[in-house]
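Architecture and fold: a report
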Amino acid sequence: MTTTTTRPPASAPSRRPSLLRAEVHRFTSRRLVRLLLVLSAVLFVLGTVLVTLDHAKTTPAIIADATDRRQAVLDDQERYRQECLQQPVPPDVPDGTTPEQLCGTPT
């Protein structure tokens, strides 16, 4: 009994099967994976649209309100600083401590 081996024709390129290609094909052929990919793309687009539509536009009224709130905070800090400067220095404060170190710098 003789065995004959057949060799592919010389003109045909020899392609080795790729394990990575096979695994990617197997993974993407699953219906659940396709569904999750489509769902994530839809959610991404929906999120982008919602963020774009919900993004606040800056108006002069908003800027004026923010400026007023900032000034109120600065006034409260200055009022605290003035109260701190009028109180006696606690005994546990080291000698040579300046009022700015103890109560903060003026705003």
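Right above here is the structure, for reference.
Scanning the protein chain from N- to C-terminus turns up four helices and zero strands. Sequence-ordered secondary structure for the protein chain, helices as α and strands as β, is α-α-α-α. Carbon and sulfur atoms make up 63% of the accessible area of the protein chain, which totals about 10400 Å².

What follows concerns the pattern of salt bridges. Tallied over the entire structure, the rule returns five salt bridges. A salt bridge links Arg69 to Asp65, with the shortest nitrogen-to-oxygen separation between them at 3.3 Å. Here Arg69 pairs with Asp65, and both are found in helix H3 (residues 60-86), just four residues apart, close to one helical turn. Overall, Arg69 belongs to the exposed group, its relative accessible area being 53%. We classify Asp65 as partly exposed; its relative accessible area is 39%. Residues Glu100 and Arg81 are paired through a salt bridge, measuring 3.8 Å at the closest nitrogen-oxygen approach. Of the two residues, Glu100 is situated in helix H4 (residues 99-103) and Arg81 in helix H3; the sequence distance between them amounts to 19 residues. Look at Glu100 and you get partly exposed, because its relative accessible area is 38%. When salt bridges that share partners are traced, they join Glu78, Arg81 and Glu100 into one network.

Right, let's talk about a nonpolar patch on the surface for a bit. On the surface, Leu32, Leu35, Leu36, Leu39, Leu43, Leu46 and Leu50 cluster together into a nonpolar patch covering about 710 Å² of accessible area. The topology assignment puts Leu50 in helix H2 (residues 31-54).

Turning to the side chain of Arg81, a few remarks are in order. According to the relative accessible area criterion, Arg81 is buried, its value standing at 9%. Apart from the residues within four sequence positions on either side, Arg81 is in contact with Glu100, Cys103, Gly104, Thr105 and Pro106.

On to the state of the cysteines, then. Scanning the entire structure with this criterion turns up one disulfide. Each sulfur of the disulfide joining Cys84 and Cys103 lies 1.9 Å from the other. Taking the sign of the S-S torsion, -75° for the link of Cys84 and Cys103, the bridge is left-handed. Within this pair, whereas Cys84 is found in helix H3, its partner Cys103 is found in helix H4, the two being separated by 19 residues in sequence. In this structure Cys84 comes out as buried when scored by relative accessible area, which is 16%.

Quick look at the environment of Glu83 now. Among the structural elements, Glu83 can be located in helix H3. Overall, Glu83 belongs to the partly exposed group, its relative accessible area being 44%. Sequence separation between Glu83 and Cys103 is 20 residues; the distance between their C-alpha atoms is 9.0 Å.

Conventions and cut-offs
- Residues numbered from 1 in each chain as written.
- Predicted model: local features only at pLDDT ≥ 70, side-chain atom pairs only at ≥ 80, totals over all residues.
- Heavy atoms only, no water.
- Helix = DSSP H or I, 4+ residues; strand = E, 2+ residues; numbered from the N terminus.
- Areas by Shrake-Rupley, 256 points an atom, 1.4 Å probe, with all protein chains shown as cover.
- Salt bridge = Lys/Arg side-chain N within 4 Å of Asp/Glu carboxyl O.
- Buried < 20%, exposed > 50% of the residue type's maximum accessible area, 1.4 Å probe, protein only.
- Patch = residues over 30% accessible without salt bridge, like charges linked within 9 Å, V, L, I, M, F, W, Y side chains within 5 Å.
- Contact = heavy atoms within 4.5 Å.
- Disulfide = S-S within 2.5 Å.

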